[in-house]
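# A closer look at the structure
If you want the building blocks of each chain, they are given just below.
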Amino acid sequence: MHQGSRITAVGHYQPARILTNEDLAGMVDTSDEWIRSRVGIRTRRIAGPDEPVDELAGHAAAKALAAAGLTPADVDLVVVATSTAIDRSPNTAARVAARLGIPGPAALDLNVVCAGFTHALATADHAVRAGSASRALVVGADKMSEVVDWTDRSTCVLVGDGAGAAVVEACAPGEEAGIGPVLWGSVPEMGNAVRIEGTPPRFAQEGQSVYRWATTRLPAIARQACERSGLEPADLAAVVLHQANLRIIEPLAAKIGAVNAVVARDVVESGNTSAASIPLALSKLVERGEIATGDPVLLFGFGGNLSYAGQVVRCP
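Residues numbered from 1 in each chain as written. Predicted model: local features only at pLDDT ≥ 70, side-chain atom pairs only at ≥ 80, totals over all residues. Heavy atoms only, no water.

## Points about the state of the cysteines
The bond known as a disulfide is covalent and runs between the sulfur atoms of two cysteines. Here is the rule: When two cysteine sulfur atoms lie within 2.5 Å, the pair is treated as a disulfide.
Scanning the model with the defined rule gives 0 disulfides in all. You can see Cys 114 has no disulfide; the closest cysteine sulfur is in Cys 156, sitting 17 Å from it.

## So, the sheet that holds strand β11 (residues 238-241)
Under the convention used in this document: One requirement defines pairing of two strands: DSSP has to find at least two bridges between them. Counting from the N terminus, the helices are the DSSP runs of H or I reaching at least four residues and the strands are the DSSP runs of E reaching at least two. Contact between two residues is taken to exist if any of their heavy atoms lie within 4.5 Å; hydrogens are not considered. As a rule, the C-alpha atoms of each element are fitted with a line to give its axis, helices using only the stretch in contact, and angles between N-to-C directions run from 0 to 180 degrees.
Spatial strand order, β8-β14-β13-β11-β12: 5 strands in an open sheet with mixed pairing. Whereas interior strands pair on both sides, the edge strands pair on one side only; in this sheet they are β8 (183-186) and β12 (262-263). Bridge analysis of β8 against strand β14 (residues 307-314) gives 4 bridges, and the strand direction is antiparallel. Directly across from Gly 185, in β14, lies its bridge partner Tyr 308. Where helix α8 (residues 218-228) meets the sheet, it contacts β8, β13 (296-303) and β14, and its direction lies at approximately 140° from that of β13. Against the sheet, helix α9 (residues 246-256) makes contact with β11, β12 and β13, and its axis sits at roughly 135° relative to β11, the strand it touches most.

## Some words on the pattern of salt bridges
The condition is simple: Here, a salt bridge means any side-chain nitrogen of Lys or Arg that lies within 4 Å of a carboxyl oxygen of Asp or Glu. For every residue, the accessible area obtained with a 1.4 Å probe (protein chains only) is divided by the maximum for its type, and the residue is called buried under 20%, exposed over 50%, and partly exposed between those limits.
Enumeration according to the criterion identifies 16 salt bridges in this entry. The partner of Arg 129 in a salt bridge is Asp 125, and the shortest N-O contact between them spans 3.1 Å. Here Asp 125 and Arg 129 lie together in helix α5 (residues 116-129), a separation of 4 residues that amounts to about one turn. Among the residues examined, Arg 129 registers a relative accessible area of 26% and is labelled partly exposed. Note on Asp 125: relative accessible area 2%, which makes it buried.

## Examining the layout of surface pockets
A probe matching the size of a water molecule, rolled over the atoms, marks out where space remains unfilled. Test applied: Lining residues are defined by having an atom within 4 Å of a point belonging to a cavity or pocket. Those points lie on a 1 Å grid over the protein atoms alone, cavities being sets where a 1.4 Å probe fits but cannot get out and pockets being open sets with protein on both sides within 12 Å along at least five of seven lines. Grid points are joined across faces, edges and corners, and a volume is the space filled by probe spheres set on the points. In this classification, Asp, Glu, Lys and Arg are treated as charged, Ala, Val, Leu, Ile, Met, Phe, Trp, Tyr, Cys and Pro as nonpolar, and every other residue, Gly included, as polar.
Of the pockets and cavities examined, the largest pocket occupies roughly 520 Å³. Among the elements of the structure, α2 (32-39), α6 (153-156), β10 (202-205), α7 (207-216), α9 and β13 are those that each provide at least two residues to the lining of the largest pocket. The class makeup of the residues in the lining of the largest pocket is 14 nonpolar, 10 polar and 3 charged. Estimates place the volume of the second largest pocket at around 420 Å³. Surrounding the second largest pocket, 21 residues form its lining, Ser 83, Thr 84, Ala 85, Asn 111 and Ile 196 being those nearest its centre. Of all elements in the fold, only β5 (106-110) and β9 (194-197) reach the threshold of two or more residues within the lining of the second largest pocket. It is β9 that provides the largest number of residues to the lining of the second largest pocket, a total of 4 residues.

## Quick notes on the environment of Ala 62
On the secondary structure map, Ala 62 appears in helix α3 (residues 53-68). Along the backbone, Ala 62 and Asp 149 are 87 residues apart, and their C-alpha atoms lie at a distance of 31 Å.

## Observations regarding α2
Our working definition: Along the arc lie the directions from the helix axis toward the C-beta atoms.
Buried residues of α2: Asp 32, Ile 35 and Val 39, and no others. Buried positions in α2, seen along its axis, are confined to an arc of 85° and lie on one side of it. With its phi angle positive at about 80°, Gly 40 sits one or two positions after the end of α2.

## Some remarks on the nonpolar core
Formally: What we call a nonpolar core is a set of buried Ala, Val, Leu, Ile, Met, Phe, Trp, Tyr and Cys residues that are connected through their side-chain atoms within 4.5 Å.
Of all hydrophobic cores here, the largest spans 48 residues; its most connected members are Leu 218, Leu 241, Leu 298, Phe 300 and Phe 302. Elements supplying a minimum of two residues to this core: α2, α7, α8, β11, α9, β13 and β14. The element that contributes the greatest number of residues to this core is α9, accounting for 6 residues. Not counting residues up to four positions away in its chain, the partners in contact with Leu 241 are Ile 249, Leu 252, Ala 253, Ile 256, Ile 278, Phe 300 and Phe 302. Of all hydrophobic cores here, the second largest spans 33 residues; its members include Val 79, Phe 117, Val 138 and Val 297.

## Side note on the side chain of Glu 169
Rule in force here: Any pair of N or O atoms that falls within 3.5 Å is considered a polar contact. Within protein, one atom must be able to donate a hydrogen and the other to accept it, and sequence-neighbouring residues count only if both atoms are side-chain atoms.
Mapped onto the elements of the fold, Glu 169 is located in strand β7 (residues 161-170). Using a relative accessible area of 13% as the deciding quantity, one classes Glu 169 as buried. A polar contact of 2.8 Å, which involves the side chain of Glu 169, links it to the side chain of Thr 8. At a separation of 2.9 Å, a polar atom in the side chain of Glu 169 contacts the side chain of Arg 135. Those residues in contact with Glu 169 that lie beyond four places of it in its chain are Gly 4, Ser 5, Arg 6, Thr 8, Leu 70, Ser 134 and Arg 135.

Encoded structure:
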């Protein structure tokens, strides 16, 4: 059994095309003021028809691998969190491995929608702890633009496309684990509150139900995730919540009690990118130097299935 694992590098990727609130106001009956006052989003990135989700994932994964100073041959596990892959086989992880030239990894996709990345990170950590992997690439990638109804003003203003990735490696003997115990679960009886269903698949949600659940039930669960790592919320250097809506992120962060933490607000420029949102926001905080190596950061994903998963990690 290994000691534990840590994140050694992160990376992110967003498509070039920026869709502004003004652009959306020309497509549906909405306005910049309406969108910003209700969800806090100003812009989002939209992938082109020739940019599949595995391409977004591959770019982010390549950046994380380069930042870790590793080669594709060093990786023995690829886990991709996504709910927007069109094809069932080969899965997204296998396509990412093929794009990067990773020889012979275990390659699995994991669909827990907006909580996907924190579930995938826990899965990779568990694999390393069990000794079945030594270096993993963990990616959150979604192309929400492909599953949204662009005529529905209640949902189309929310979403964006992107990917974020982390390299997870086994800790050295005696080294403190850099990924804390996961706290995860779901509310299956409320699973229909967030849906990507049908043919073609379309994203829909019961916004008020999700908002109430996120702001009333989740703060205590997020605090428990801190406790599992032996930390008080005041010890956190940063809080990276699923970037669903600024009106959910700000009250949730406040109720957690992380009074000294930088709170990721990437939703403002990226929109809701589902499984990509947490690694995307974390990678940007690292890139901008807003958090330092070794800083404790709470990652907390929530949403589709009404699932949640959170853990405290040490900043790479």
